[in-house]
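So the chains spell out like this:
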Amino acid sequence: MTVADLPGSRTLLTIVDRRRARLLLYVNGGLWAVGNGLLSSMLVIYLALELGAPRIGLGISFIVAAPQIAGLLRLAAPALIGRVADRKRFCIGTYAASCVVLMALPFLASRRIFTSPGVCLAALVIMWCTYHLLEYLGTVALWSWMADLVPQPVRGRFLGYRERWMVTGQAVAMLAGGGFAWLWHRMAVDSPRWIGYAVPAVLGAWCMLLAIVPLCRVPAVTGRRGETRPATWRSIVAPLADPGFLRLLAFGCWFSFFNGITQAAQNIYPAKVLGISLLAMLSLKTLMRIGQFAVSPWLGRVADRLGNRAVLLATLPIVAAAPLFFLLATPQQPWWICGAWLMWIAWAGLNVCLPNLMLRLSPQRSNTPYIAAYYAITGLCMAVSTLIGGLVQDAGVSRSFSLFSGAVTLQYYAAIFLFAWLTRTAGIVLLLRIREPRDT
């Protein structure tokens, strides 16, 4: 058969069309990843630290959590797709608007618009939040669109290879952005430090805008019910009545919540306690990305053969154990933290298999409410826990904690990283309850 007609679609796609669409989606992912690597959340955190705003623990938590809070609004994406525009136009439009917001973000650090550090930090959070809201709305449409373009039997491999493109783009760009900041701070010693972070940020926004060009050439695949007719509010809440999907959602909420608790500590401890530079941190992230580059396609193929849950059960304990290396790292021996980033190579399994499992547990003909519900609710869990973690960071950073009737005493950072390992590992119990559909 040389022509494949997707169920409910009026657009016929040849095998060549499908292969070309997948290549364009690879290029889109790679270009977006270059922009994301230049304008990473780590860079924004270091940019925020330059403001000198008070209660920085809570401020950093807001930078991490605000996008997830805004992401709750992506529940409205299924209702908007079809009313505002079809999936393709909605995706491209929201991505373009998010890039425009990003281009203005770095100039807040100049303190020319707002002189108060606290006001600048608040404005930075609001713009970071707005960017992610627009991007998340577009991503709901993109996932639904890709689900129609890529057949289920090869979707794991497609996601694995797309993850490789994205890992490559992020790795190269993070090193370039971190290297520029490092050179700026050493060669332009009389210039403001924030410029070293602002220049990569602006370039990153332009790269994300360029990533939209390949999407313009991907076939729209019109005619499916979830795209041509806007979702009703009843269909939007339907995922919450689906037992199989709820099991996946329960795991996603658990892992997101306990992942968020330590975000403030994980981002502040390397910079403020260990004294690790942005370049060194981005180099560690690049090392992680190189590892993910190597294993992502292989994990996708394993997921296609053995199932997504099997891959998740193998990689989750590795990811969960990474905070133990933060626990071991000290200002005298900061190199222990490298172990965490090596362990986080296993995030590739979650990055490939969680979205694939989400699509498998969603109805083929109307999956946008399921995509929106999963990302919105798990994102909210992470946002709430991240803010809690920021408050705990500010209140407890100078405290110690006694265990076993005083037999063991832990300082704050040791206690929070040990807590992270235990709670994330416990997610295996919820993962075991998920039942993955078999191919028909």
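The structure reproduced in this document is the subject of the present report.

Reading the values: the criteria
Residues numbered from 1 in each chain as written. Predicted model: local features only at pLDDT ≥ 70, side-chain atom pairs only at ≥ 80, totals over all residues. Heavy atoms only, no water. Core = buried A, V, L, I, M, F, W, Y, C linked by side-chain atoms within 4.5 Å. Buried < 20%, exposed > 50% of the residue type's maximum accessible area, 1.4 Å probe, protein only. Helix = DSSP H or I, 4+ residues; strand = E, 2+ residues; numbered from the N terminus. Contact = heavy atoms within 4.5 Å. Expected span 1.5 Å × (residues − 1). Bend = angle between axes of the 7 residues up to and from the residue. Phe/Tyr/Trp six-rings, centres within 6.5 Å; stacked < 30°, edge-to-face > 60°. Polar contact = N/O pair within 3.5 Å; in protein donor to acceptor, adjacent residues only side chain to side chain. Axes fitted to C-alpha atoms, helices over the stretch in contact; angles between N-to-C directions. Parallel < 35°, antiparallel > 145°, perpendicular 65-115°, else oblique. Left-handed = near helix turned anticlockwise from the far one by under 90°. Disulfide = S-S within 2.5 Å. Salt bridge = Lys/Arg side-chain N within 4 Å of Asp/Glu carboxyl O.

**What to know about the nonpolar core**
Within the largest apolar cluster, 115 residues are counted, with the highest numbers of intra-cluster contacts made by Ile63, Leu149 and Trp344. No other element matches helix 6 (residues 117–149), which puts 17 residues into this core. If near-sequence neighbours (up to four positions away) are discounted, Ile63 is found in contact with Val44, Ile45, Ala48, Leu121, Leu124, Val125 and Trp128.

**A word on helix 14 (residues 278–306)**
Here helix 14 spans 39 Å end to end across 29 residues, near enough to the 42 Å set by a 1.5 Å rise per residue. Its axis deflected by about 40° at Val295, helix 14 carries its strongest bend there, up to four residues before the proline Pro297. Following helix 14 by one or two positions, Gly307 has its phi on the positive side, about 110°.

**Remarks on the side chain of Lys285**
When you line up the elements, Lys285 lands in helix 14. Taking relative accessible area as the criterion, Lys285 reaches 13% and is therefore assigned buried. Residues within four places of Lys285 in sequence aside, it is in contact with Met174 and Trp341.

**A few points about the packing of aromatic side chains**
What the rule picks out here adds up to 19 aromatic pairs. Ring centres 4.9 Å apart and planes at 80° place the aromatic pair Phe245 and Tyr370 in the edge-to-face group. Of this pair, Phe245 sits in helix 12 (residues 243–260) while Tyr370 sits in helix 19 (residues 368–396); the two residues are 125 residues apart in sequence, bridging distant segments of the chain. As far as the burial class goes, Phe245 and Tyr370 line up, both buried. On the numbers, 6.1 Å between centres and 25° between planes, the contact of Tyr413 with Phe417 is stacked. Placement of the pair is Tyr413 and Phe417 together in helix 20 (residues 412–425), with a separation of four residues, close to one helical turn. As far as burial versus exposure is concerned, Tyr413 and Phe417 are alike and both buried. The structure contains a cluster of three or more aromatic residues connected by ring pairs, namely Tyr269, Phe326, Trp341, Trp344, Tyr412, Tyr413 and Phe417.

**As for the environment of Cys207**
Within the secondary structure, Cys207 sits in helix 8 (residues 194–210). Among the residues examined, Cys207 registers a relative accessible area of 22% and is labelled partly exposed. When sequence neighbours within four positions are dropped, the list of residues in contact with Cys207 reads Leu31, Val34, Gly35 and Leu38.

**Side note on the side chain of Asp148**
As for its placement among the helices and strands, Asp148 is situated in helix 6. At a separation of 3.1 Å, a polar atom in the side chain of Asp148 contacts the side chain of Arg87.

**Brief notes about the packing of helix 6 against helix 7 (residues 152–187)**
Their axes nearest at 11 Å, the elements helix 6 and helix 7 cross at an angle of 130°. In terms of orientation, helix 6 and helix 7 fall into the oblique class. For the pair helix 6 and helix 7, the crossing hand works out as right-handed. Contacts between helix 6 and helix 7 involve Leu142, Trp143, Met146 and Ala147 from the first element and Arg155, Phe158, Leu159 and Arg162 from the second.

**Observations concerning the state of the cysteines**
Applying the stated criterion across every chain, the model contains zero disulfides. Here Cys216 stays free of any disulfide, with the sulfur of Cys91 as its closest cysteine sulfur at 9.5 Å. Here Cys216 falls in the partly exposed class, since its relative accessible area comes to 42%.

**Topic: the pattern of salt bridges**
With the rule as written, the count across this model stands at three salt bridges. Between Arg157 and Asp304 there is a salt bridge, and its shortest N-O distance comes to 3.1 Å. Here Asp304 lies in helix 14 and Arg157 lies in helix 7, a separation of 147 residues in the sequence.

Geometry only, nothing functional implied.
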